[in-house]
Amino acid sequence: DSGVTQTPKHLITATGQRVTLRCSPRSGDLSVYWYQQSLDQGLQFLIQYYNGEERAKGNILERFSAQQFPDLHSELNLSSLELGDSALYFCASSPGWRQGRSPLHFGNGTRLTVT
Amino acid sequence: EDQVTQSPEALRLQEGESSSLNCSYTVSGLRGLFWYRQDPGKGPEFLFTLYSAGEEKEKERLKATLTKKESFLHITAPKPEDSATYLCAVQALQNQGGKLIFGQGTELSVKP
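None of these values were measured; they are calculated from a predicted model.

Q: Residues and numbers for the overall build of chain A, please.
A: Per the secondary structure count, chain A includes zero helices and 11 strands. Element order for chain A, N to C, with α for helix and β for strand: β-β-β-β-β-β-β-β-β-β-β. Computed over C-alpha atoms, the radius of gyration of chain A comes to 13 Å, within 12% of the 13 Å expected from 2.2 N^0.38 for 115 residues, which places it in the range of a compact globule. Each principal axis of the C-alpha distribution contributes one length, and for chain A these read about 40 × 25 × 25 Å. A total of 115 residues make up chain A; the buried ones form 50% of that total. Considering only contacts in chain A between residues 6 or more positions apart, those separated by 24 or more positions represent 56%.

Q: Got a sec to walk through the pattern of salt bridges? Specific residues and values, please.
A: The full count for this structure, using the stated rule, is seven salt bridges over all chains. With its nearest N and O atoms 3.6 Å apart, the salt bridge here joins B:Lys57 to B:Glu55. Salt bridges sharing partners connect three or more residues here, namely A:Arg63, A:Glu82 and A:Asp85.

Q: Run through the interface of chain B and chain A, naming residues and quoting values.
A: Of the residues lining the interface, 22 residues belong to chain B; the matching set on chain A comes to 22 residues. When chain B packs against chain A, close to 1,800 Å² is buried across both sides, 52% of that on carbon and sulfur atoms. At the boundary of chain B and chain A, one finds zero salt bridges. Applying the counting rule to chain B against chain A returns four residue pairs in polar contact (both at pLDDT 80 or more).

Q: Give a detailed account of the sheet that holds strand S7 (residues 64-68) of chain A, specifying residues and quantitative values.
A: Residues and elements named next belong to chain A. The four strands are arranged S1-S3-S8-S7 in an open sheet whose pairing can be described as antiparallel. With partners counted over all chains shown, the strands left at the sheet margins are strand S1 (5-7) and S7, one partner each. When the angles between neighbouring strand axes are averaged without regard to direction, this sheet yields 15 degrees. By the bridge criterion, five bridges tie strand S3 (residues 19-24) to strand S8 (residues 74-78) in an arrangement that is antiparallel. Across the sheet, residue Arg 22 finds its bridge partner in S8, namely Glu 75.

Q: Give a detailed account of the sheet that holds strand S6 (residues 56-59) of chain B, specifying residues and quantitative values.
A: Residues and elements named next belong to chain B. Taking strand neighbours across the sheet as the criterion, the five strands line up as S1-S3-S8-S7-S6 in an open arrangement whose pairing is antiparallel. At either margin of the open sheet sits one strand with a lone partner, and together these are strand S1 (3-7) and S6. Pairs of neighbouring strands in the sheet enclose a mean axial angle of 15 degrees, with direction left out of account. Sheet topology places strand S3 (residues 19-26) next to strand S8 (residues 70-75); six bridges connect them, and they run antiparallel. Across the sheet, residue Ser 20 finds its bridge partner in S8, namely His 74.

What counts and what doesn't
Residues numbered from 1 in each chain as written. Chains lettered and ligands numbered in written order. Predicted model: local features only at pLDDT ≥ 70, side-chain atom pairs only at ≥ 80, totals over all residues. Heavy atoms only, no water. Helix = DSSP H or I, 4+ residues; strand = E, 2+ residues; numbered from the N terminus. Rg over C-alpha atoms; globule rule 2.2 N^0.38 Å. Buried < 20%, exposed > 50% of the residue type's maximum accessible area, 1.4 Å probe, protein only. Contact = heavy atoms within 4.5 Å. Salt bridge = Lys/Arg side-chain N within 4 Å of Asp/Glu carboxyl O. Buried area = accessible area lost by both parts, 1.4 Å probe. Polar contact = N/O pair within 3.5 Å; in protein donor to acceptor, adjacent residues only side chain to side chain. Pairing = 2+ DSSP bridges. Axes fitted to C-alpha atoms, helices over the stretch in contact; angles between N-to-C directions.

Keep in mind these numbers describe shape, not what the thing actually does.
Here it is, written out as structure tokens:
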């Protein structure tokens, strides 16, 4: 068990809808990262938050947004969903805002299916 | 552009048959190279971090090595429970934040 908790485990929704994925980082970790994993793309970095502030941004679509709350949990909001958004969404956490000597620890993901 | 390429895409071994997985990387400056194991339906599980050429790390049947352009994950006398996808990732010195850039992974299958 990595200590990173993601909910829900599975999500099935229709095109055009909006969903929210939730992540609780490991105790003591201040950074939260969101990744998307699809069969053809592998693990793609979306965004990083550190202690409530955005630290780094990857190829995140404008339809997607995230935030980190004062209790350090994070939410990833996906809107105007398309079939191509179907993927596994992973959250990871680390103590600092750069890796340093601490690796990222991943949750078990949310599987999103858009029909 | 920073890039990670893993080979082979898939590897089938008999139990006890040792082999190596390759991770080639192109990065502006390497802060660290990371190996993860991923089981189906699960998140990546951290295995090793390597920071400089010549460094080696070992854990049970796994040994990771690093050169200036690539890393190898050597699997000695594998068992069926070693079956998983092995992911390599790099963190670049010039990265904003702590993001990792992942390769596509090597799917390892070990048959008894």
